[in-house]
Amino acid sequence: MLHDEGGTGRPILLLHGLMGSARTWRRHVPWLREHGHVYTFDAAGHGRPAPGELTTEAFVTDLSAHLTGITEPLVVIGHSMGALHAWCFAAAHPERVNALVLEDMAPDFRGRTAANWAAMIAQWPQPFPTEDAVSDFFGPVAGRYFLDSFVRRDDGWYLHGDVETFRDISEEWGSRHFWDEWNSIRVPALLLEGEFTITPEGQMRRMATRPGTEYVLVEGAGHLVHDDRPDEFRAAVEHFLTTNELSASRLQ
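Residues numbered from 1 in each chain as written. Predicted model: local features only at pLDDT ≥ 70, side-chain atom pairs only at ≥ 80, totals over all residues. Heavy atoms only, no water.

*Asks:* How would you summarise the UniProt feature "domain: AB hydrolase-1" (unreviewed entry) in the protein chain if you had to cite specific residues and measurements?
*Replies:* According to UniProt, the "domain: AB hydrolase-1" (unreviewed entry) feature falls on residues 12-236. When the span residues 12-236 is considered, its composition is 37% helix and 18% strand, and the gap between its end C-alpha atoms is 16 Å. (UniProt positions renumbered as here; feature names shortened; annotations may be inferred. Helix = DSSP H or I, 4+ residues; strand = E, 2+ residues; numbered from the N terminus.)

Pasting the structure below:
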């Protein structure tokens with residue numbers, strides 16, 4: 001589901017990570033409005049029905065169907081799963097994207113499995129009775145992410161999707177690679193990798209060898225770069241957006 005967050009100018013689309021929601025970007029929406037018209041998006045399977053097939057292509061098709069009202073090319077900013085969907089959307093619809101910001105995601109997780117991770121999630125003590133209980137369980141950074149994502153009911157906070165769906169989304173990443181999609185893209189891109197990344201070592205640096213790509217390693221950041229090191233994230237993104245805007249104006 002697409003959310004219009006306001007602003008004017010070029011459209012900027014924010015895509016959340018696995019088990020996240022559009023609300024996980026709320027701390028960054030205000031300053032991003034200074035650079036364009038901001039939209040956020042709730043991926044399928046996250047508070048709404050999942051696609052019939054849990055493939056990246058199905059998620060990209062769902063995303064595309066919700067963007068029919070936006071006619072200008074997009075700046076797409078994606079975290080983790082959202083980053084993957086961003087560059088696969090750009091590969092499938094090159095005319096609809098003019099720049100990418102990709103946070104802590106790589107093309108090739110083959111050989112990894114989500115089975116143990118999913119089993120751990122299934123043991124989470126749902127419902128979490130209070131906001132403090134969520135923060136105490138996950139810590140301050142991940143706690144904010146999940147409070148922005150979970151569903152609040154009368155008796156507490158619940159996951160906003162099925163564990164099996166989340167598991168199967170990430171299981172696909174362990175069975176294939178997305179290098180071809182990445183290498184087909186011709187728009188400027190900024191890659192932001194956390195020092196304590198979840199991505200396979202060296203892959204994001206290898207992605208940065210593609211012409212028109214910038215790479216930033218954010219020291220001290222984990223997977224949630226934008227929440228872990230918000231000032232560094234903002235500085236890197238604003239520099240990229242400003243540079244990209246100036247480059248685009250010179251071409252006109």
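*Asks:* Give me the lowdown on empty space enclosed by the protein, citing residues and values where you can.
*Replies:* The tally for this structure, following the rule as stated, stands at one cavity of 30 Å³ or more. Quantified by volume, the largest cavity comes out at close to 80 Å³. At the level of elements, helix H2 (56-65) and helix H3 (81-92) are the ones that each hand at least two residues to the lining of the largest cavity. (1 Å grid on protein atoms, 1.4 Å probe; cavity = no way out; pocket = protein on both sides within 12 Å on 5 of 7 lines; lining within 4 Å. Points joined across faces, edges and corners; volume = space filled by probe spheres on them.)

*Asks:* So, helix H7 (residues 163-173): which residues are in play, and what are the values?
*Replies:* Buried within H7 we find Val163, Thr165, Phe166, Ile169, Ser170, Glu172 and Trp173. Check the buried side of H7 and you find it contacts H2, H3 and helix H4 (115-122). (Buried < 20%, exposed > 50% of the residue type's maximum accessible area, 1.4 Å probe, protein only. Contact = heavy atoms within 4.5 Å.)

*Asks:* Tell me what's going on with the side chain of Arg96, and back it up with residues and numbers.
*Replies:* One can find Arg96 in the loop between H3 and strand S5 (97-103). Buried within the structure, Arg96 lacks any salt-bridge partner; its nearest side chain of opposite charge belongs to Glu95, at an N-O separation of 5.1 Å. Of note is the side chain of Arg96, whose polar atom sits 3.2 Å from the side chain of Ser64. For Arg96, the side chain forms a polar contact with the main-chain oxygen of Leu67, separated by 2.7 Å. Other than its neighbours up to four places away in sequence, Arg96 contacts Ser64, Leu67, Thr68, Ile70, Glu72, Pro73, Leu74 and Phe89. (Lys, Arg positive; Asp, Glu negative; His and termini not counted. Salt bridge = Lys/Arg side-chain N within 4 Å of Asp/Glu carboxyl O. Polar contact = N/O pair within 3.5 Å; in protein donor to acceptor, adjacent residues only side chain to side chain.)

*Asks:* I'd like a description of the pattern of salt bridges, backed by residues and values.
*Replies:* Where charged atoms of side chains with opposite charge meet at close range, the side chains can pair. All chains considered together, the criterion is met by eleven salt bridges. Between Asp227 and Arg27 there is a salt bridge, with the nearest N and O atoms lying 3.2 Å from each other. Taken as a pair, Asp227 in helix H10 (residues 225-228) and Arg27 in the loop between strand S2 (11-15) and helix H1 (29-32) lie far apart in primary sequence, 200 residues in all. Arg176 is the partner of Glu57 in a salt bridge, and the nearest nitrogen-oxygen pair spans 2.7 Å. Here Glu57, found in helix H2, pairs with Arg176, found in the loop between H7 and helix H8 (179-183); they are 119 residues apart in sequence, far enough to count as distant. A cluster of three or more residues bridged by salt bridges with shared partners is formed by Arg26, Arg27, Asp148 and Asp227.

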